[in-house]
Amino acid sequence: MARHASILRTTKETDIQLEFVIDGEGKAELDTGVPFLTHMLDLFTKHGHFNLTVKAKGDTEVDDHHTTEDIGICLGQALREALGDKKGIKRYGNAFVPMDEALAQVVVDLSNRPHFEFRGQFPSQKVGTFDVELVHEFLWKLALEARMNLHVIVHYGRNTHHMIEAVFKALGRALDEATMIDPRVKGVPSTKGML
């Protein structure tokens, strides 16, 4: 049974259609209106072996905040829906990814408990026209809507683009691990009997 979900979100600020496939081929079809976010989502999809389609229109004439935040919301909702009852999944994922001088780590627990921790300092406030603070906004909304523990640690780096790129690649790899079906797992991986 394919693990996938489609999400539609329309507000006065954004109009988003998003399709997400967990067991994909690393294929992305992205039209976000936010070029740097498009680049990061492409990396996330490729390194997570997911399939992701995003068509988004937002008030980017104001700034990229609403579009970035709402795509994070939609992706989190899609991940949660695609996982279904979570039977047989590994649940936890951990990935370190270097990008030249930068090193990022992402650790996830698909626990049904939303929590986000971020450790790291980006040296620049912008990458091109993209406000770097929106990385935090995107990741927090993703964790909240997916109802997962998400810990992001940027151990070091000098180039902000490299640092953020390492984060999104690590996010893809950590979620790939956590969503994998483990034949040893009977039911859900929790002593509570549910996630």
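Here's what I pulled together on the structure shown here.

What counts as what
Residues numbered from 1 in each chain as written. Predicted model: local features only at pLDDT ≥ 70, side-chain atom pairs only at ≥ 80, totals over all residues. Heavy atoms only, no water. Helix = DSSP H or I, 4+ residues; strand = E, 2+ residues; numbered from the N terminus. Rg over C-alpha atoms; globule rule 2.2 N^0.38 Å. Pairing = 2+ DSSP bridges. Right-handed = clockwise from strand over helix to strand, strands pointing away. Salt bridge = Lys/Arg side-chain N within 4 Å of Asp/Glu carboxyl O. Axes fitted to C-alpha atoms, helices over the stretch in contact; angles between N-to-C directions. Contact = heavy atoms within 4.5 Å.

1. A look at the overall build of the chain
Turning to step 1, where the next piece is worked out: A count of helical and extended segments in the chain gives four helices and 10 strands.
Turning to step 2, where the next piece is worked out: From first element to last, N terminus to C terminus, the chain shows the α and β order β-β-β-α-β-α-β-β-β-β-β-α-β-α.
Turning to step 3, where the next piece is worked out: Here the C-alpha radius of gyration of the chain, 16 Å, is about what a compact globule of 195 residues would show, namely 16 Å.
Turning to step 4, where the next piece is worked out: Oriented by its inertia axes, the alpha-carbon framework of the chain measures out at about 50 × 40 × 30 Å.

2. Thoughts on the pairing of strand S4 (residues 51-58)
Moving residue by residue along a regular strand, the side chains alternate between the two faces of the sheet.
Turning to step 1, where the next piece is worked out: As defined by bridge partners, strand S2 (residues 14-21) adjoins S4 across eight bridges and the pair is classed as antiparallel. Considered in S4, the bridge of Thr14 is made with Gly58.
Turning to step 2, where the next piece is worked out: When strand S3 (residues 27-31) meets S4, the two strands line up parallel, connected through five bridges. Across the sheet, Asp31 pairs through a bridge with Lys55, a residue of S4.
Turning to step 3, where the next piece is worked out: The β-α-β motif built from S3, the intervening helix H1 (residues 35-48) and the parallel element S4 has left-handed crossover chirality.

3. Some remarks on the pattern of salt bridges
Turning to step 1, where the next piece is worked out: Considering all chains together, one arrives at 12 salt bridges under this definition.
Turning to step 2, where the next piece is worked out: One salt bridge in this structure joins Lys27 and Glu25, with 3.1 Å as the shortest N-O distance.
Turning to step 3, where the next piece is worked out: Linked by salt bridges that have partners in common, Glu69, Glu137 and Lys141 make up one network.

4. Here we look at the sheet that holds strand S1 (residues 4-10)
Turning to step 1, where the next piece is worked out: The sheet built from four strands is open, its strands ordered S1-S2-S4-S3 with mixed pairing. Every other strand in the sheet has two partners, leaving S1 and S3 as the edge strands with one partner each. Each neighbouring strand pair of the sheet contributes to a mean axis angle of 5 degrees, computed without reference to strand direction.
Turning to step 2, where the next piece is worked out: Across seven bridges, S1 lies against S2 in antiparallel orientation. When the sheet's bridge partners are listed, Ala5 is paired in S2 with Phe20.
Turning to step 3, where the next piece is worked out: Here H1 sits on the sheet and contacts S2, S3 and S4; the angle it forms with S3, its principal contact strand, is near 165 degrees.
Turning to step 4, where the next piece is worked out: Along the sheet, helix H2 (residues 65-83) contacts S1, S2 and S4; its crossing angle with S2, the most-contacted strand, is approximately 35 degrees.

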